[in-house]
Amino acid sequence: MWPFASTAHLEVARRKQARREDALRVARDLGGADAVPYLRATAKEIVEHIANGEWTASDVLDAYLARAVVAQDLTNCLTEVFFADARAQAKALDAEFAQTGKVRGPLHGVPVSFKDTYDVQGHDTTLGFSSHADDPRPEDSLVVALVREAGGIPICKTNVPQLIFFFECVNPVWGRTLNPFSKSYSSGGTSGGEGALLAMDGSALGWGTDIGGSLRIPASFCGVYSLKTGWDRISMAGVQGTWPGFEAIRTVAGPMGRSVDDLELAARLVFGKQGADIHPVPLPYRDPKMPAKLRFGFYLSDNFIKASPACQRAVRETVDALRKAGHECTEFELPQAARAMEIFIGLTAADKYKTLSADLGNDPLEPGVAPLVQVSRFPGWLRSVIAWGVGRMFDDDVVPPVIRASCGKDVEEYHKWARQRDEYTSMFYREVWDKHGFDGILAPVLAMPGLPHGSVQYLATLACADLLYNVTDAPVGTLPVTRVRATDVPTAEWTDPHTGHGHGSPFVEHLLYGNGPSGAGAGAGAEKDSEQAHAAGGGFYDAEKMAGLPVGVQVVGRRWEDEKVIEMMRVVDAALGPRDCGPCSWTGQGK
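As the structure is a prediction and not an experimental result, all values here were calculated from the model.

Draft legend 1. Representation of the side chain of R313 in the model. Of note, R313 is situated in helix α10 (residues 309-324). With a relative accessible area of 12%, R313 lands in the buried category. Of the polar contacts made by the side chain of R313, one reaches the backbone oxygen of R483; its length is 2.7 Å. Once residues within four sequence positions are removed from consideration, R313 is found in contact with T482, R483, V484, R485 and D488.

Below, the structure is given as structure tokens:
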């Protein structure tokens, strides 16, 4: 049991990775210049071409399998690979179409990938745990089954972070996933394998999950689209996790893709569909009535951590585009974001993350998630000293309450925290939605457009930008807006906590825009890169090194208005116009 980890997991990792390589060989000689038209098509367009008799499912599939191999070689994004089964399914679909002249369903011939959490019959769901290896699942998750029924072709599963609770994809079984645009940066998490694969056109449609930004962060880091639904719109049957029985903050399923059309296609397929379970609510996809002029609220900073120049620019460019298109955009002050972070940590840490880490066995704990788990198990006096030290040294009154909240709780205390969650949600609806009458909210996805490998261990609190909408259970779409420019440098408005508007934690902002943490060498390899990069005095935010990384925005809606979020994303997408994103937009991976 950690921290006294053995090396048994290394043999499991070697065996699983060798099997993956064997499965990849099926596609190593596929592809070519004639594959581009298939890769350039959205999922919806693939089905249209097949239905018109112009393409076959087999030809489409081979193009995506070849690109998935490239994505794996460059980013290490795949876990379980079932290319041989996929090719057999494509041939069966082609034979069926030749006989009937009709497509099987709305995903006929579409190559689809799944986050490793989704059960696929006959394949492991390791979640990055060596203890879960060699235990093939007896049946498909409901989402996978619905995809097959609609003619979609499952091709692979994708990488996740250890414990599925921090936003860098790395674990002892499958290793680390790299950003498709820069090998020095993370693909995000926890659906980071999906983000990397989709960005490189290795899949036409993907599926992930979200409990605190897990669909949105990788979508932004990798330049793709995602939809975090509200709870109970999509079945979680057969979707595994690390938190069985935890209901204070719900994990939700959601699609990822390369266009808004892809997200709508996926949502129409699964919304309200029940299997043997009573969930989700039997509420099918509803076409919303959209006003000609939408009213958006927006903010550039959540006042917990000031968003970087690149991330603020993404929101500003979105606002400018919408205003030019005739929509109303009003800046507003986000109420008590720090309180949402405190509530999230207060609830998730209630059992000292024992359930979360129950399946670790002898696997070593990854540095990116270790501080979160370990601080919750410190003696109360030590946690108080740490909180006091951060507050005193950095004149910080934002982060210390979060540190104090990261402690074990008895049932009575847990109930009090759950009540605070409900009170916060009511306050948010009253002070934002009801007060302003917004149709939607535009917000930065994270304070950073990307994170160097190994930096999450210092910057876990950045997730406040996203988990706010898990606490309030709001549907949120994420779409790409721009790329980081070398000129997106922080001025005194970011480096000086007393200058400018929107500052939050001086401690965290110091890590982002001032000096990096001294002695930042808790891990090896990628962690050393972070240490060396910041030893000279710069913060983790480095616009010159990040230049070219994608930057997205969140489009937030009211609860139960998931369909409206999709339509608002479509409005935003059209307003922004053609830009460097979507199918075939990936051109290479930088340093």
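Moving on from the coordinates now.
Draft legend 2. Representation of unusual backbone geometry within the structure. For the bond from G189 to T190, the omega torsion is 10°, close enough to zero to count as cis. Note that T190 resides in the loop between β7 (182-186) and α7 (192-199). Residue H279 is joined to P280 through a cis peptide bond whose omega torsion reads 0°. Within the secondary structure layout, P280 lies in the loop between α9 (260-270) and β11 (295-298). Although it is not a glycine, N76 adopts a positive phi angle of roughly 60°. Residue placement: N76 occurs in the loop between α4 (57-75) and β1 (78-81). Judged by its relative accessible area of 16%, N76 is buried. In this structure, D134 takes a positive phi of about 60° despite not being glycine.

Draft legend 3. Region of the structure containing the packing of aromatic side chains. Tallying each qualifying case throughout the model produces 16 aromatic pairs. The rings of F165, W243, F246, F344 and Y353 are connected pair by pair, giving a single aromatic cluster. K306 extends its terminal NZ or CZ atom over the ring of W494, reaching a point 4.9 Å from the ring centre. Here the guanidinium or amino end of K409 rests over the ring plane of W417, the centre of that ring lying 5.5 Å away.

Draft legend 4. Structural view of the sheet that holds strand β15 (residues 550-556). Here we have eleven strands laid out as an open sheet, ordered β1-β3-β2-β8-β10-β9-β14-β15-β13-β11-β12, and mixed in their pairing. Each edge of the open sheet is held by one strand with a lone partner, namely β1 and β12 (328-331). Neighbouring strand axes in the sheet, compared pairwise and without regard to direction, differ in orientation by 30° on average. The sheet contact formed by strand β13 (residues 440-444) and β15 spans four bridges and is antiparallel. From the neighbouring strand, P444 faces β15, where its bridge partner is V553. Where α9 meets the sheet, its contacts fall on β8 (205-210), β9 (225-228) and β10 (252-257), and the angle it forms with β10 comes to roughly 145°.

Draft legend 5. How the structure looks around the pattern of salt bridges. The full count for this structure, using the stated rule, is 41 salt bridges. Put simply, R233 and D562 hold a salt bridge, and the shortest N to O gap is 3.0 Å. Taken together, the positions of R233 in the loop between β9 and β10 and D562 in helix α22 (residues 562-576) put the pair 329 residues apart, joining distant regions of the chain. Residue classification places R233 among the buried positions, given a relative accessible area of 0%. The salt bridge partner of R570 is E567, with a shortest N-O separation of 3.4 Å. Here R570 pairs with E567, and both are found in helix α22, just three residues apart, close to one helical turn. Exposure remark for R570: the relative accessible area of 25% places this residue in the partly exposed category. Judged by relative accessible area, E567 falls into the buried class, the value being 19%. Each member of the salt-bridge network shares a partner with another, and the members are D261, E264, R268, D287, E567 and R570.

Draft legend 6. Examining the packing of helix α15 (residues 411-436) against helix α17 (residues 464-471) more closely. α17 packs onto α15 with a crossing angle of 100° between their chain directions and a minimal axis gap of 10 Å. By the angle between their directions, the pair α15 and α17 is classed as roughly perpendicular. Facing R421, Y424, T425 and F428 of α15, the residues of α17 in contact are L468, Y469 and V471. Here the residues of the contact of α15 with α17 sort into five nonpolar, one polar and one charged.

Draft legend 7. Seen up close, the nonpolar core. Core analysis: the biggest nonpolar cluster contains 183 residues, and F83, W207, I441, L462 and Y469 have the highest contact counts within it. The leading source of residues in this core is α4, at nine residues. Discounting residues that sit within four places of it in the chain, F83 has contacts with A23, L24, V26, A27, L65, A68, V69, L78, I155 and C156.

Draft legend 8. Just the packing of helix α11 (residues 337-348) against α15, in detail. Axis separation between α11 and α15 bottoms out at 10 Å; the angle between their running directions is 150°. Between α11 and α15, the interaxial angle falls into the category roughly antiparallel. The hand of the α11/α15 crossing is left-handed. Two secondary-structure elements touch here, α11 through A337, R339, A340, E342, I343, G346 and L347 and α15 through Y414, W417, A418, Q420, R421 and Y424. A class-by-class count of the residues in the contact of α11 with α15 yields eight nonpolar, two polar and three charged.

Draft legend 9. Highlighting α10. Between its first and last C-alpha, α10 extends 22 Å over 16 residues, near the 22 Å set by a 1.5 Å rise per residue. Within α10, the full set of buried residues consists of P309, A310, C311, Q312, R313, A314, V315, T318, V319, A321 and L322. Just downstream of α10 lies G326, where phi reads positive at about 95°.

Draft legend 10. Focus on the environment of L215. The topology assignment puts L215 in the loop between β8 and α8 (216-222). A relative accessible area of 0% means that L215 is categorised as buried. Between the C-alpha atoms of L215 and G192, which are 23 residues apart in sequence, the distance is 8.1 Å. When sequence neighbours within four positions are dropped, the list of residues in contact with L215 reads S191, G208, T209, D210, S226, L227, K228, A253, G254, P255 and M256.

Draft legend 11. Region of the structure containing the pairing of β10. When you tally the buried positions in β10, you get six out of six residues, the bulk of the element. Of the two faces of β10, both are covered, the one formed by V252, G254 and M256 as well as the one formed by A253, P255 and G257. With five bridges connecting them, β8 and β10 associate as antiparallel partners. Pairing of T209 across the sheet is with A253, part of β10. Inspection of the sheet shows β9 paired to β10 by two bridges, in the antiparallel sense. Residue pairing in the sheet places S226 in a bridge with M256 of β10.

Cut-off values and rules
- Residues numbered from 1 in each chain as written.
- Predicted model: local features only at pLDDT ≥ 70, side-chain atom pairs only at ≥ 80, totals over all residues.
- Heavy atoms only, no water.
- Helix = DSSP H or I, 4+ residues; strand = E, 2+ residues; numbered from the N terminus.
- Buried < 20%, exposed > 50% of the residue type's maximum accessible area, 1.4 Å probe, protein only.
- Polar contact = N/O pair within 3.5 Å; in protein donor to acceptor, adjacent residues only side chain to side chain.
- Contact = heavy atoms within 4.5 Å.
- Phe/Tyr/Trp six-rings, centres within 6.5 Å; stacked < 30°, edge-to-face > 60°.
- Lys NZ or Arg CZ within 6 Å of the ring centre and 35° of its normal.
- Pairing = 2+ DSSP bridges.
- Axes fitted to C-alpha atoms, helices over the stretch in contact; angles between N-to-C directions.
- Salt bridge = Lys/Arg side-chain N within 4 Å of Asp/Glu carboxyl O.
- Parallel < 35°, antiparallel > 145°, perpendicular 65-115°, else oblique.
- Nonpolar A, V, L, I, M, F, W, Y, C, P; charged D, E, K, R; others polar.
- Core = buried A, V, L, I, M, F, W, Y, C linked by side-chain atoms within 4.5 Å.
- Left-handed = near helix turned anticlockwise from the far one by under 90°.
- Expected span 1.5 Å × (residues − 1).

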